[in-house]
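Below are the chains, spelled out letter by letter.
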Amino acid sequence: MQQRSHSPSPITPVKAGMLFVCLWALMFVLYLPAAKAGFVSDFTGWLQQVRYRPFWEYMNRSGFKVVSMYQGTQFVTWVYYQLFGASEWAWHILFITLHTANATLLYILCATLLRDAGVEQYRPIGYTGVVLFCVSPYVSEVVVWEPSFHYLQGLLILLLVLVWVQRYCYTGERRYVWYACVAYLFSIHTLEVFYITPWLALSLGWFYKGQLPQGKAMFGRVARYFFLPMLLLFALRLLEYRLLYGDWVSRIGSQTVLSLQDAGLGKPLKYLFHLLPLGRYLPAEWHIGSASMGDLRSNIYAFCDSGVGMTMFYGGCVSCFAWGLLRYGKMSGRAKVALLLGVWTFIALLLITPLWFGDLLLIVYDRYTYFTIPFLFMLVAIGIWSIRGRYVRVALLVVLLLANLRYTIQVNRYWGKGARIVDRLLHHLPETGDRTVILLNMPESMHGAPMMSASDPSEYKLMRDLLVPERPIKGKVYDALSFNMVTPDDGAHAQVLNDSTIRVKLNQYGTWWWYQAMGGHDYENEDYKLRINPGGDYDLTLKKPANGYILFYQVGDKWKQVDMSKTYEQY
């Protein structure tokens, strides 16, 4: 393919302005059902810190169990909180705006790459990639859940750095070096996506080595002025964390990374199974006619974790990259961009390999793929537009868009349903006086969309004090256990066995008990003892006279009080 003559500069934000407006409108409409759903789970701990802790304690995350160095993120969120407080709409607008900005930067970066590689269809490919990025159900956790702010911020900084490297390759202006290095300096005290930024920048410089007249000289400059300074800052950040906390890896610890030699290397392939064929949304049991094919999803996970699966995946990736490098000079421009995006996707998948993998419910841990999705879907867009048959291409594109839209609408409805239930449960707890309150069941999630976890100390009380401060609860509050909701009417019921023991049973199948964001288990404290029975219900035995307690069980969006004088099952 003949290489086109180059425009004097990359695609600018001004030229992409209309795209930003259209994508923002799409995101606003698509995520409207979930607009008030993000103030849950870790959000309450953050809100307590920013509202009540001294500034420097907040900046350094004093008191958090997870040790990290997020001072950059803390400062940005502190400023935004001072301006807008805990306004649900203000935070939601910020999140969809940041996601739209990321999508627009992705278009600017990748459409420019495609144009410089001589690809005539660079605009429709770019539009396809960013629309797929916006409508993917796997971005909902980041767009909706307020504690995911640092994922939006992390991708924004990464894409800005890459765009500035791209601009430097065109102009050679030193200001882009300063922009990129200052942004990277800020990023090393935010989410750990900065681990991969230098390598993506270096590979971008290598790409332009053969695409611009001044490319060979620019690659050396990119290595000297971008890659090496960022690598130095990265090393200093590791050393800083080592001196302060005695470990090299923040947040998850070095031991988690080292344990990958034994397990976890199948996660990248499992993530691709989630993202491409929407594998997380496959039914738990697969049927052909009346014959059951078993749990297809679990079987695929097992294959991905097997020696055969990992050999095929890593062997295939290494072979493709090696073949691409060997034949790079003879490859089409489209193939060169695809190779670069494939490398970026692979690096982003390796970054999240040590992290937890969500295989039970929807949504939870989808945020980890936020740095993989943009490059992967741009790669998918190149593949779709490489199909010669127009009708086949259009049909595939329509199916892919509709499938992603269908599940994004679904998960946003889950977010919305969960938010309405949480709001009613927070505002409509009956009067408790000064008695000790025990909440026998709490809604952990709605199909994975976070709601309220049973925790010690009580998450319900924390949420109530922070979000409904005009109605404080005077007595002590306990969250006994939580369960994952499937429908808005799910709940539990109670049976008084004697004057100190209550049996609690779930009303529906397909849900189970949770405690402290893990599977439910036996425990006790100064006020009661809890034992889970083989049948799935549990017994709670009070340690003090029953008249000092008030017990509630939850059904749908309502609390119901246990009458200790009645020994039949109370629904």
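Residues numbered from 1 in each chain as written. Predicted model: local features only at pLDDT ≥ 70, side-chain atom pairs only at ≥ 80, totals over all residues. Heavy atoms only, no water.

> When you look at the overall build of the chain in this model, what are you seeing that I'm missing?
Across its full length, the chain holds 19 helices and 17 strands. Expressed as a percentage of the 571 residues in the chain, the buried residues total 54%. Separation between the mean location of the 51 positive side-chain charges and that of the 38 negative ones in the chain comes to 14 Å. (Helix = DSSP H or I, 4+ residues; strand = E, 2+ residues; numbered from the N terminus. Buried < 20%, exposed > 50% of the residue type's maximum accessible area, 1.4 Å probe, protein only. Lys, Arg positive; Asp, Glu negative; His and termini not counted. Charge placed at Lys NZ, Arg CZ, Asp CG, Glu CD.)

> Honestly, the sheet that holds strand β10 (residues 513–515) in this entry has me stumped. Any pointers?
What holds strands together in a sheet is hydrogen bonding between their backbones, with the strands either parallel or antiparallel. One open sheet accounts for 5 strands, arranged β5-β4-β7-β10-β11; its pairing is mixed. Taken across any chain shown, the strands that pair with only one partner, and hence form the sheet edges, are β5 (449–450) and β11 (518–519). Summarising the sheet, strand β7 (residues 482–485) and β10 pair through 2 bridges and their orientation is antiparallel. Paired with Phe483 across the bridge in β10 is Trp513. (Pairing = 2+ DSSP bridges.)

> Would you mind going over the sheet that holds strand β12 (residues 523–524) with me for this structure?
Spatially, β12-β13-β14-β9-β8-β17 is the arrangement adopted by the 6 strands of the open sheet, whose pairing is antiparallel. In this open sheet, the two edge strands, each paired with only one partner strand, are β12 and β17 (569–570). Pairing geometry for strand β8 (residues 492–496) and β17, over 2 bridges, is antiparallel. Bridged to Ala494 within β17 is Gln570.

> For this particular structure, what's the right way to read the packing of aromatic side chains?
The geometry of two aromatic rings is summed up by the distance between their centres and the angle between their planes. Tallied over the entire structure, the rule returns 50 aromatic pairs. With a centroid separation of 5.4 Å and an interplanar angle of 10°, the aromatic rings of Trp24 and Phe28 are classed as stacked. Of this pair, Trp24 and Phe28 are both found in helix α1 (residues 17–30), 4 residues apart, which corresponds to roughly one turn of the helix. Judged by relative accessible area, which is 23%, Trp24 ranks as partly exposed. The exposure class of Phe28 is partly exposed, given its relative accessible area of 26%. Consider the rings of Tyr478 and Tyr528, whose centres lie 5.2 Å apart with planes at 85°: the pair is edge-to-face. Of the two residues, Tyr478 sits in strand β6 (residues 477–479) while Tyr528 sits in strand β13 (residues 528–532), which places them 50 residues apart along the sequence. Here Tyr478 and Tyr528 have matching classes, each one buried. Every member of this aromatic cluster is reached through a ring pair, and the members are Phe39, Phe43, Trp46, Tyr80, Tyr81, Phe84, Trp91, Phe95 and Phe149. Positioned over the ring face of Tyr328 is Lys336, at 5.0 Å from the centre of the ring. (Phe/Tyr/Trp six-rings, centres within 6.5 Å; stacked < 30°, edge-to-face > 60°. Lys NZ or Arg CZ within 6 Å of the ring centre and 35° of its normal.)

> Where do I start with helix α5 (residues 88–116) in this structure?
Residues lying three or four places apart along an α-helix face the same way, a consequence of the helix completing one turn every 3.6 residues. Between its first and last C-alpha, α5 extends 42 Å over 29 residues, near the 42 Å set by a 1.5 Å rise per residue. Within α5, 25 of the 29 residues are buried, which leaves it mostly tucked inside the rest of the structure. Of the residues trailing α5, Gly118 is marked for its positive phi of about 85°. (Expected span 1.5 Å × (residues − 1).)

> Sorry, what's going on with the packing of helix α16 (residues 333–352) against helix α17 (residues 373–385) here?
Angle between the axes and distance between the axes: these two values describe a pair of packed helices. Two numbers describe how α16 lies on α17: the axes approach to 8 Å, and their chain directions differ by 155°. Judged by the angle between their axes, α16 and α17 are roughly antiparallel. Like other packed secondary-structure pairs, α16 and α17 cross with a definite hand, here left-handed. Along its contact with α16, which presents Arg334, Val337, Ala338, Leu341, Gly342, Trp344 and Thr345, the element α17 presents Phe375, Leu376, Met378, Leu379, Ile382 and Trp385. (Axes fitted to C-alpha atoms, helices over the stretch in contact; angles between N-to-C directions. Parallel < 35°, antiparallel > 145°, perpendicular 65-115°, else oblique. Left-handed = near helix turned anticlockwise from the far one by under 90°. Contact = heavy atoms within 4.5 Å.)

> Would you take a moment to explain the environment of Val392 for this structure?
Within the secondary structure, Val392 is located in helix α18 (residues 390–427). Residues Val392 and Ile473, spaced 81 residues apart in sequence, show a C-alpha to C-alpha distance of 61 Å.

> Where do I start with the nonpolar core in this structure?
Within soluble globular proteins, side chains that are nonpolar generally end up buried alongside one another. If you look at the biggest cluster of nonpolar residues, it comprises 186 residues, and the most contacted ones within it are Trp344, Ile438, Leu440 and Leu540. Counting residues per element, this core draws most heavily on α5, at 16 residues. (Core = buried A, V, L, I, M, F, W, Y, C linked by side-chain atoms within 4.5 Å.)

> Looking at this structure, I do not really get the pattern of salt bridges. What am I missing?
Side-chain pairs of opposite charge can arise whenever the charged atoms involved come near each other. For the coordinates displayed, the defined rule picks out 16 salt bridges. Among the charged side chains, a salt-bridge network with shared partners connects Lys476, Glu526, Asp527 and Lys544. (Salt bridge = Lys/Arg side-chain N within 4 Å of Asp/Glu carboxyl O.)

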